[in-house]
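# Structural features, examined
The primary structure of each chain is shown beneath.
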Amino acid sequence: MMLRGLPALALLAVACATPAPRCYYGPVGAEFGDTIGSWSFENKREAFIVRCQGSYLNEVDGRTVRTVHLQLTATRTHGESMTLPLEGLILDDPDPASSAPALQVSEVWQGPERLSGALVVLPWSRRVVDMFFDAPSSASEPSEFLRLRFSQREADGQLQLYECQFFQLAADDPRRPGGEALHDPEYGYRDGYYFPGWGELGERRLRSADEVRLFHLFHDPEEGLLW
Amino acid sequence: MIQKKACCGDPESMRTALSLGALALATVGSWWALDDLASDAVREQIQLNGLEQQLSFSGLELDLPRGVALLDVALADETGSHDVVQLSRLDIDLAVGWDEGLTAELMGIDGRGGRVAIVPTADTLGSMVASLIDVIATIVDLVDEASEGDDSSDLPPLWFHDLDVVLLADSWPLENYPGSQVLVAQNGQTIDATIDFGGGGGRLVLVFGSGGLERLATEDLMLTPGIVRLIGEPWGPLLARLTRPQGRADLQITALHQDLPDIHGVIREAVIDSPLIPVPLGPLTLPLDLTAGKLSVTTEPWSFNEGSMVANIEGTAEGLDLAITIRDGGFQETLLGLVPVYGEQDVVRCRDGGQFDLDLELSWDFDLGATPAVTGQGGFHVQAIDLEGLGLTLDDVVGRLEVSGERLVVPEVTGLVAEGGFTGSGELDLADNRFRLDLSLKELNLADLQGSLAPELARENPLAGWVAGRVLCSGDMDNLDQMQGRGELAIRAGRFAESRMLTLIRQALTLGPAERRNDQRLVAELNLWDGILTINQLSVDLGLLALTGQGRVDRDGALDLYLLLMSEPEGVLGSLWGFIQRNLICEVQVTGPFERLDVAVFPVGVISKPLQAAIDFLSVWRDEDP
């Protein structure tokens, strides 16, 4: 860790003086309040819930990258499996005039298991995944709107396309999570937000959990500060 | 299989011209004397044919030259012990020729206004009709001259009008068809007995040849439990029970001499129902084929609850298999009739809504009795399940199930509740109702749970936090008080220091109000045995105050907790030695029912439990000791 070995107080001072940027997003077209909002869709064969944990800086393979973190709950209410190719998970700015490049998903985790190829949801089951879309830290600031596109391949090869959009919560938006410290970093969430108040989360790697979890933790932002 | 009696086995022997020599002699006598004479002649003929046990009548009326009428005719079964046909009047219509021989032609036999009571099997029906034919033959046998050598003669038609046909089961009336009629008539080389069941019951045709009853045919025959018994053992009674007979049958039933006849045709508007089938299947069209002892019924896919369904029946003399395939069927609570224990409990209530797949096979082995072996698998999506008494609703529950023998297995089920979710697996023994359940709760909103479980407390003293845990339990659905289990429960990012019990503890310690902070945590390890919930380890971190201990909750809800209380001005980050030096440690005992808890606090110096408990407590929250 880049913070390891430095006096804790100095580190805290650094952290407070230069808060890392953190952007929060809410779902377009869905009502939400104090807790994190989500986009949802369902038909007779499948259901999806997507929530956006916003964008933050973190380290991947020793490089600092800006990541948009989304969480998807996919439910198959049908007798055949559902396949979501990972290559079909695309994040972009829905504004045609935007110059921001579309991002392909960088990592997808189903609980403690990193996925490759596709997310397969067995018949009559539900799967929860964390999706990380990484861009160089030097990239432009995250756009005002984000669009997630994904596809679902049926057994007969037909592709069903889905998309959902999120908008950036303004600094004065009352639904934006408060700035108070996260007192339970081992839990990592407050009102559904992932490490709210933190703009730089440190190294991204799966953290072991002693208890059953719906969403796992992939960061330990206090790690460098405490020891 | 019925064998037609010899007297009516050869149509040639059934003359259509009747010599009434005896009757002609009587024309010189009085009409009353003529009646008696004719009556005696008929009785004599009945005796000659050996039918005196089966056929009787009270009197005879002559209406010459038009005919003769037998009054109060009774036709008994072969043993002569039970009347199967009772007729008010049996008219024998004649065309008398006043030629030299004074011959009369038998134009027809016409019965009216009686009752037919039979056990509905092919055998008994065949016997009855054969007996009717014997009656005709008896009458025809009065002829011995006029039609001698007349090869063109036909059996005169035998009509029964306005009959009350009663189908019997175990000697009790099962079904009643008033206004029925029966026609027995020569049809080329066969004699056909056509039964038109009154009330739109349809038609049954029995065809007799030289070898007896050769085939049956149904035309738009309304299926009823009684009619289905015509199929005979072993399938008749089973199908009568299984199919809750309903529909109309157009069938040809042949090869009656075999153990199992051949049947071809269609049953329309059929409904298949059974206590082992979650919902009645149908109405549907069942193409039916029974050849060489093998029964095959396969339906076309038909719409079912917004989905589709196919049913297939395969059978032999040894057994019968019913396979049902349902795809994307709309979920209805009535489906859970498949699981008898569902109807016996009042904790879980599924609402209509959602969909399901089901592949179900029921196999009857006739040697093993009427209970089928059940196998199957499927998946389900139930939009809402209410947990009665808890005020909680589980949303969008999806899972898979397997049925094998008497085990119902759910390898995976997930659902949404209180902003979080749950996953689980389990199995249920359908024979003894014993169950096993492995349930994980994931990030449930404590505020939501409190709002459902204790809405009044939620208004007065709202709690917050996120609940996770895992429970393994087993027991008997009929005796949930004896359920056994173990598990762990955690509340994270919580605010529950103002809960009733912790407030009482604070008051006993004369501590100030609890801090309103959202970083409080709780971890508990639990055991359930014989109705007693044992808390092996309870650790509560309220920030500047922490509790650790153990205890139990009795069957009647009484609490008995032993806790160590620690005040942690510097949190849990110091060294163990520093912890002991700096922290206040008290012993707290909480007893009594939840509504009237009694909290006792003991001085630091009399702590009776080893300090290891405090060390263990720290290890709950930290991966490594300082």
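A brief report on the enclosed structure follows. Residue indices begin from 1 for each chain and proceed along its sequence in written order. Lettering of chains starts at A and numbering of ligands starts at 1, both following the order in which they are written. Residue-level local features of this predicted model are given only where pLDDT is at least 70; pairs of side-chain atoms are given and counted only at 80 or more, and the full residue set underlies all totals for whole chains, interfaces and linings. With hydrogens and water stripped out, all remaining heavy atoms of the structure feed into the side-chain values.

## Let's talk about the overall build of chain A
For clarity, the cut-off: The helix and strand labels rest on DSSP assignments: H or I over at least four residues marks a helix, E over at least two residues marks a strand, and numbering proceeds from the N terminus. Remark: exposure states derive from per-residue accessible area (1.4 Å probe, protein chains only) relative to the maximum for the residue type, with buried under 20%, exposed over 50%, and partly exposed in between. Whether two residues are in contact is decided by their heavy atoms, any of which lying within 4.5 Å being enough. Working definition of accessibility: Shrake-Rupley area with a 1.4 Å probe, residue cover restricted to the visible protein chains.
Summing up its helical and strand segments, chain A has two helices and 16 strands in all. Per-residue burial for chain A yields a buried fraction of 52% across its 227 residues. Nonlocal contacts in chain A, meaning residues at least 24 apart in sequence, comprise 65% of its contacts between residues at least 6 apart. Surface summary for chain A: the accessible area is close to 10400 Å², and the carbon and sulfur share equals 52%.

## A short note on the interface of chain B and chain A
Threshold: A simple way to read buried area is as the amount of 1.4 Å-probe accessible surface that goes missing from two parts once joined, with both sides added. Salt bridges are identified by distance alone: a Lys or Arg side-chain nitrogen within 4 Å of an Asp or Glu carboxyl oxygen. Within 3.5 Å is the distance limit for a polar contact, defined as a pair of N or O atoms, with the added protein rule that one can donate a hydrogen and the other accept it, and that residues adjacent in sequence qualify only through two side-chain atoms.
Taken residue by residue, the interface counts 36 residues in chain B and 27 residues in chain A. Between chain B and chain A, the buried area comes to about 2800 Å², and carbon and sulfur atoms account for 51% of it. Looking only at chain B, the three residues that lose the most surface to chain A are Gln355, Glu443 and Arg492 of chain B, adding up to 21% of its buried area. For the salt bridge of arginine 127 of chain A with glutamate 412 of chain B, the shortest nitrogen-to-oxygen distance reads 2.8 Å. Our count for the contact surface shared by chain B and chain A stands at 11 residue pairs in polar contact (both at pLDDT 80 or more).

## Remarks on the packing of aromatic side chains
Given two aromatic rings, their pairing is described by the distance between the two centres and the angle made by the two planes. So the rule is basically this: Pairs were defined over the aromatic rings of Phe, Tyr and Trp, the Trp ring being its six-membered one, requiring ring centres within 6.5 Å. Orientation was assigned from the angle between planes: stacked under 30 degrees, edge-to-face over 60, tilted for the rest. Two conditions define a charge sitting above a ring: the NZ of Lys or the CZ of Arg must be within 6 Å of the ring centre, and it must be within 35 degrees of the ring normal.
Taken as a whole and assessed by the stated rule, the structure comprises 15 aromatic pairs over all chains. With a centroid separation of 5.4 Å and 20° between ring planes, the pair formed by phenylalanine 150 of chain A and tyrosine 162 of chain A is classed as stacked. Taken together, the residues phenylalanine 150 of chain A in strand E12 (residues 145-153) and tyrosine 162 of chain A in strand E13 (residues 159-168) connect sequence positions 12 residues apart. Overall, tyrosine 162 of chain A belongs to the buried group, its relative accessible area being 8%. Here the aromatic cluster, defined as three or more aromatic residues joined through ring pairs, consists of Trp39, Phe41, Phe48, Phe150 and Tyr162 of chain A. The lysine or arginine in question, arginine 204 of chain A, covers the ring of phenylalanine 132 of chain A, its NZ or CZ lying 4.4 Å from the ring centre. Directly above the ring of phenylalanine 57 of chain B sits arginine 43 of chain B, whose terminal nitrogen or CZ lies 4.2 Å from the centroid.

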